[in-house]
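# Observations on the model geometry
The lines below spell out each chain.
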Amino acid sequence: MIRVLEVFREPMANGGQESFLMNMYRNMDRTKVQLDFLTPFTCDNPDLKAEIESMGGQVFTYDHPFGENNNAVFKESVQDFLANHPYSIVHFHSGSTYALMVGAKLAHDAGIPVRVVHSHCGGFKNLKYHVIKTLSIPYLLKYPTDYLACSDLAAEWKFPKSVIRSHRYTVIHNAVDTDRFRLDPELRKNTREMLEIPEDALVLGHVGRFSLQKNHAFLIDIFAAVHRKNPEAILLLAGAGELEPEIRDKVKTLGLEDSVQFLGLRKDIPALMNAMDVFVLPSFFEGLPVVGVEAQATGLPVITSTAVAQELPLEDLAQYIPLESSPEIWADAILKTVDESRLHRRNTTQEIAEAGYEIKAAAKAFEQFYLDRAAEAGIRSDNSEASQSSSASREKGTKA
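Residues numbered from 1 in each chain as written. Predicted model: local features only at pLDDT ≥ 70, side-chain atom pairs only at ≥ 80, totals over all residues. Heavy atoms only, no water.

### Structural notes on unusual backbone geometry
With a phi angle near 60°, D63 is a residue other than glycine that sits in the positive phi range. Within the secondary structure layout, D63 lies in the loop between β3 (59-61) and α3 (70-84). (Helix = DSSP H or I, 4+ residues; strand = E, 2+ residues; numbered from the N terminus.)

### Some points on the pairing of strand β4 (residues 89-94)
Taking burial as the measure, the six residues of β4 include six buried ones, the bulk of the element. Burial along β4 is two-sided: the residues I89, H91 and H93 and V90, F92 and S94 are all buried. Where strand β1 (residues 2-8) lies against β4, five bridges are found, and the strand directions are parallel. Following the sheet pairing, L5 is matched in β4 by V90. (Buried < 20%, exposed > 50% of the residue type's maximum accessible area, 1.4 Å probe, protein only. Pairing = 2+ DSSP bridges.)

### A short note on a nonpolar patch on the surface
The grouping of L127, V131 and L135 at the surface amounts to a nonpolar patch, some 310 Å² of accessible area in total. Within the secondary structure, V131 is located in helix α5 (residues 127-142). The class for V131 is partly exposed, based on a relative accessible area of 40%. (Patch = residues over 30% accessible without salt bridge, like charges linked within 9 Å, V, L, I, M, F, W, Y side chains within 5 Å. Areas by Shrake-Rupley, 256 points an atom, 1.4 Å probe, with all protein chains shown as cover. Salt bridge = Lys/Arg side-chain N within 4 Å of Asp/Glu carboxyl O.)

### Section: the packing of helix α4 (residues 97-109) against α5
Remark: α4 packs on α5, axes separated minimally by 9 Å, with the N-to-C direction vectors making an angle of 25°. With respect to each other, α4 and α5 are oriented roughly parallel. Relative to α5, α4 is oriented so that their crossing is left-handed. Counting all contacts with α4, which are made through T97, Y98, L100, M101 and K105, the residues of α5 involved are I132, L135, S136, Y139 and L140. Taken together, the residues that form the contact of α4 with α5 break down as seven nonpolar, two polar and one charged. (Axes fitted to C-alpha atoms, helices over the stretch in contact; angles between N-to-C directions. Parallel < 35°, antiparallel > 145°, perpendicular 65-115°, else oblique. Left-handed = near helix turned anticlockwise from the far one by under 90°. Contact = heavy atoms within 4.5 Å. Nonpolar A, V, L, I, M, F, W, Y, C, P; charged D, E, K, R; others polar.)

### Points about the sheet that holds β3
Strand order in the open sheet formed by seven strands is β3-β2-β1-β4-β5-β6-β7, and the pairing between neighbours is parallel. Two strands lie at the open edges of the sheet, namely β3 and β7 (169-171), each paired on one side alone. Each neighbouring strand pair of the sheet contributes to a mean axis angle of 25°, computed without reference to strand direction. The pairing of strand β2 (residues 33-39) with β3 spans three bridges and is classified as parallel.

### Digging into the nonpolar core
Grouped together as the largest cluster of nonpolar side chains are 95 residues, with contacts concentrated most on F37, F159, M273 and F279. Beyond its immediate chain neighbours, meaning those up to four positions away, F159 contacts L100, V117, S119, K133, Y147, L148, A149, I164 and Y169. Within the second largest apolar cluster, 29 residues are counted, among which are L202, L237, V260 and L335. (Core = buried A, V, L, I, M, F, W, Y, C linked by side-chain atoms within 4.5 Å.)

### Side note on the sheet that holds strand β10 (residues 260-264)
Here six strands make up an open sheet; going across it, the order is β10-β9-β8-β11-β12-β13 and the pairing parallel. Each edge of the sheet is formed by a strand with only one pairing partner; in this case those strands are β10 and β13 (318-321). Each strand of the sheet is rotated relative to its neighbour by a mean of 25°, with strand direction disregarded. Where strand β8 (residues 203-207) meets strand β11 (residues 278-281), two bridges bridge the pair, whose relative direction is parallel. The partner of G205 across the bridge, within β11, is F279.

### Structural notes on α3
Here α3 spans 21 Å end to end across 15 residues, near enough to the 21 Å set by a 1.5 Å rise per residue. Within α3, the full set of buried residues consists of N70, V73, F74, S77, V78, F81 and L82. Viewed along the axis of α3, the buried residues span an arc of 140°, placing them on a single side of the element. Turned more than 90 degrees off the buried face of α3, the exposed positions are E76 and A83. The elements touched by buried residues of α3 are β1, β2, β3, β4 and α4. (Expected span 1.5 Å × (residues − 1). Arc of directions from axis to C-beta.)

### Structural notes on the confidence of the model for the protein
Across the protein, the average pLDDT comes to 91, with 94% of residues at or above 70. Here residues 383-400 scores under 50 on pLDDT; set against residues more than four positions off or in separate chains, the count is 34 contacts. (pLDDT = per-residue confidence, 0-100.)

### A look at the packing of aromatic side chains
A complete count under the given rule lists twelve aromatic pairs for this structure. The interplanar angle of 25° and the centroid separation of 6.0 Å between the aromatic rings of F210 and F262 together place this pair among those described as stacked. Of the two residues, F210 is situated in the loop between β8 and α9 (216-229) and F262 in strand β10; the sequence distance between them amounts to 52 residues. On the numbers, 4.9 Å between centres and 65° between planes, the contact of F366 with Y370 is edge-to-face. One end of the pair, F366, and the other, Y370, are both in helix α15 (residues 359-377), four residues apart, so they sit about a helical turn from each other. When sorted by exposure, F366 lands in the same class as Y370, which is buried. Cluster of aromatic residues (ring-pair linked, three or more members): F20, F366, F369 and Y370. The ring centre of Y25 lies 5.8 Å from the NZ or CZ of R30, which sits over that ring. Over the ring of F262 we find R248, and its NZ or CZ is 4.3 Å from the ring centre. (Phe/Tyr/Trp six-rings, centres within 6.5 Å; stacked < 30°, edge-to-face > 60°. Lys NZ or Arg CZ within 6 Å of the ring centre and 35° of its normal.)

What follows is the structure, given as structure tokens:
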């Protein structure tokens, strides 16, 4: 068995990176490839941690508060962890270019033969971005052995131009489990009853961490515009995060408390998506959002921003609107789309599979990627030292 360390620069909760990896992990042959998880911060989702451990993986945290010296905390924690845990493959996941470039260097300096950097999203194209992108070039050319991205846009955002021009990166689809994410009218009915939502009510939905990237404040403005046109409309918000109190205050200020449901971290996302009529994702940046693919797999139309990679698999169920457009323009697009989709919502399982976004095939390819890289690097297939060292560190009470 090959053990791979998956490293995050953010807390582990229910974000897109975690969803991507868990979708893969559940469907891999774990007798061949086993995954462990590391964050310098916290794991805020106990169900996620329990599931990982039930599948033979381990979750290591340093429990630092997120938002205070994140880059310094990331560097110090990863350096400490790699010095005490002998993994042969380390895979870095982050929206932070700093984390990818510094993580790859730390892994190189620790003598780790396979160092994977994975771009999951874009970002704000400002002066800070250009400075960090320029500074990252020598690091990202020298230290990673492999470059992965969820979309071409995500690759272009993070990786040096020479990596892009020479096609040295690989796009790994944010695939979904179509056994779970599929159109189910009975599930829709039961979920609406559970949430006390009338069957004929218009339901907008969003799944994601309450963070700057997801642009919840604008989402509330959009919903307010929809609500003015349709006072019976409901907004479902699944997720947690540092900006949730601010968004709750905005909802209260606008008098929308009775129309917006804050659902927290959820395990029943397929049920929630069946209960929705449209999925709204006005993110400031994304690579290719897992939740967008999940929504389409349940037959939901996705209304998203032009800042998101325009590569969602089902073109007729995706509409991209500039963030500069007013909430009223978004609202009109949502209402028009819902009027059409309610009449024609369909089972998209076969279409998702044909587009290459079915999880079983994608997980097999992901598993094979690790096995191929291990073979090329001459890595032994048991990796027992890493497992034993990890267990020993827990017994000694290390914060990892």
